[in-house]
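# Structural overview
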Amino acid sequence: MPVTVVVGGFFGDEGKGKILSYLAIHDNPDIVARGGVGPNAGHTVVYNGREYKLRQIPSGFINPKARLLIGPGVLVNPKVLFEELERTKEFNVSSRLGIDYQVGIIEERHIKMDQELKKEIGTTGTGTGPANAERALRKLKVGRDIEELKPRLTDVPGELHKAVEENKSILIEGTQGTFLSLYHGTYPYVTSKDVTAPSILADVGLGPRFVDDVVVVFKSYVTRVGPGPLDNEILDEEEIKRRGMEEYGTVTGRHRRVAPFNKRLARRAVMLNGATMAAITKLDVLFPKARGVTRYEDLPKEAKERLEDIEDAIGVPIKLISTGPDVHEIIDLR
Ligand code: GTP
Ligand code: IMP
Ligand code: MG
């Protein structure tokens, strides 16, 4: 804090939802603002024994005092958004949520168009690619065109700059992952825009000089949904299950492909995002004795050695270590 941006270091699903929800509770930001592509993302938040899967609402919603914002760069599917507001009612999200006048709007026909791309390049089929294409043609509807969004519309960059001037703290949420970036990823098997930290800042309308920390989140191993290159992919289903690495997509339910931690990609993600620190999730999958540990000294020796090895390779300190899905299962070395 005071201004922190969190992004994914591999192919999405690194556990950003977990890290963001922890930061939202622990650092108590005044504002949590979401950048990224749109409802193709699926963040998982596990809090007080309940699991929330979100595609539009910021993962920081569990802090009842935080103002929640969705930046102009993001695509919104109003149907998905209203369904999530219903599911998170107990947190009073509705009264705290502001959506920028210029968010792009996904309509049914974008979702239909995306089914073709789903077959060709394995998209999530949520309409984000066709909507961003139409946005580039300057034909897409935006927030201010949608009657039902009117009561929530706001100037997100304006709110953020006012907060910065008042020395308030801001948490900015990225979605997807560095190698799904349209510019820096494994083209054409990528998402429909850049998703590295500079673009996440542009999505919410905050200039880089106001940012104190850039956190890149890595999973302890690499997963990827859909086609595209994946170095050293583990193809043996039995081995994946035995090592506890079996996962299914939050949005699509698709099987996530698995590979060991990739230091080369991690180093490049640190470079592309200008990371000041890294977060590592799912350490408990590699080292079951790490499950639920909250103090570094309580980690098994092999887990500490692995973390040191990764730290040496990527060149920035690992300051957040997630040891289970719950918000509180974490080691915070900041
Ligand atoms: P995108 O925005 O779609 O890229 O997703 P994400 O980065 O928020 O990750 P997602 O929630 O899709 O997937 C991460 C999965 O790992 C979820 O099921 C989390 O509950 C789980 N998870 C996160 N951290 C940990 C951890 O430290 N240990 C374990 N066991 N599970 C974790
Ligand atoms: P699209 O973003 O739906 O167009 O999909 C393009 C590629 O990005 C596909 O390989 C998707 O599986 C992947 N993708 C998009 N969003 C996410 C995400 O949040 N997590 C993981 N993969 C994603
Ligand atoms: Mg996900």
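Residues numbered from 1 in each chain as written. Chains lettered and ligands numbered in written order. Predicted model: local features only at pLDDT ≥ 70, side-chain atom pairs only at ≥ 80, totals over all residues. Heavy atoms only, no water.

### What about the side chain of Asn63?
Its place among the elements puts Asn63 in the loop between β4 (50–54) and β5 (67–70). Among all residues touching Asn63, those that are not within four sequence positions of it are Ala24, Ile25, Asn28, Pro29 and Arg96. (Helix = DSSP H or I, 4+ residues; strand = E, 2+ residues; numbered from the N terminus. Contact = heavy atoms within 4.5 Å.)

### A few points about the site of ligand 2
With respect to spatial proximity, 15 residues lie near ligand 2, and among them Asp13, Asn40, Thr124, Thr191 and Arg254 are the closest. With respect to ligand 2, the side chain of Thr124 contributes an N or O atom lying 2.6 Å from an oxygen atom. In this structure, Val225 approaches ligand 2 through a main-chain N or O atom, which is 3.2 Å from an oxygen atom. Isolated, ligand 2 exposes 460 Å² of accessible area, and the fraction of that covered by the protein chains is 96%. A per-class count over the shell around ligand 2 returns five nonpolar, eight polar and two charged. (Near = heavy atom within 4 Å. Polar contact = N/O pair within 3.5 Å; in protein donor to acceptor, adjacent residues only side chain to side chain. Areas by Shrake-Rupley, 256 points an atom, 1.4 Å probe, with all protein chains shown as cover. Nonpolar A, V, L, I, M, F, W, Y, C, P; charged D, E, K, R; others polar.)

### Focus on a negative patch on the surface
Negative charge collects at one region of the surface, where Asp236, Glu237, Glu238 and Glu246 lie side by side. Tracing the backbone shows Glu237 in helix α7 (residues 237–242). (Patch = residues over 30% accessible without salt bridge, like charges linked within 9 Å, V, L, I, M, F, W, Y side chains within 5 Å. Salt bridge = Lys/Arg side-chain N within 4 Å of Asp/Glu carboxyl O. Lys, Arg positive; Asp, Glu negative; His and termini not counted. Charge placed at Lys NZ, Arg CZ, Asp CG, Glu CD.)

### Examining the coordination of the magnesium ion (ligand 3)
Around the magnesium ion (ligand 3), the protein contributes the donor atoms Asp13 (OD) and Gly42 (O), at 2.1 to 2.2 Å from the metal centre. One end of the pair, Asp13, is in the loop between β1 (3–8) and α1 (16–26); the other, Gly42, is in the loop between β2 (31–34) and β3 (43–47), with 29 residues separating them in the sequence. Taking relative accessible area as the criterion, Gly42 reaches 17% and is therefore assigned buried. (Donors = N, O, S within 2.8 Å, 3.2 Å for Na, K, Ca; no water. Buried < 20%, exposed > 50% of the residue type's maximum accessible area, 1.4 Å probe, protein only.)

### A look at the site of ligand 1
Residues in close proximity to ligand 1 total 21 residues, the closest being Asp13, Lys16, His43, Thr44 and Ser322. Separating an oxygen atom of ligand 1 from a side-chain N or O atom of Thr44 is a distance of 2.7 Å. Thr250 is positioned with one of its side-chain polar atoms (N or O) 3.1 Å from an oxygen atom of ligand 1. Here ligand 1, which alone exposes 670 Å², has 91% of that area covered by the protein. Elements with a contribution of two residues or more to the shell around ligand 1: α1 and β3. Per-element tally for the shell around ligand 1: the top contributor is α1, with three residues. For the shell around ligand 1, a count of residues per class yields two nonpolar, twelve polar and seven charged.

### Things to note about the environment of Gly177
Along the chain, Gly177 falls in the loop between β10 (170–173) and α6 (197–204). What makes Gly177 buried here is its relative accessible area of 1%. Note: C-alpha distance between Gly177 and Val217 (40 residues apart in sequence) is 8.8 Å. When residues no more than four places from it in sequence are discounted, the contact partners of Gly177 are Gly8, Phe10, Phe11, Gly12, Glu14 and Val195.

### Description of the nonpolar core
With 49 residues, the main nonpolar core has Leu160, Ile172, Phe218 and Ile314 as its most contacted residues. Considering every element that reaches this core, the biggest residue donor is helix α8 (residues 263–273), with five residues. Dropping the residues within four chain positions of it, Ile314 is found in contact with Phe218, Ala266, Arg267, Val270 and Ala278. One finds Val74, Leu85, Val217 and Leu320 within the second-largest nonpolar core, a separate group that totals 38 residues. (Core = buried A, V, L, I, M, F, W, Y, C linked by side-chain atoms within 4.5 Å.)

### A short note on the sheet that holds strand β11 (residues 213–219)
Within the open sheet, the ten strands sit side by side as β9-β7-β5-β2-β10-β1-β11-β14-β15-β16. Their pairing is mixed. Looking at which strands have only one partner, the edges of the open sheet turn out to be β9 (153–154) and β16 (330–332). As defined by bridge partners, β11 adjoins strand β14 (residues 277–281) across five bridges and the pair is classed as parallel. In the sheet register, Phe218 faces β14, and the bridge partner there is Ile280. (Pairing = 2+ DSSP bridges.)

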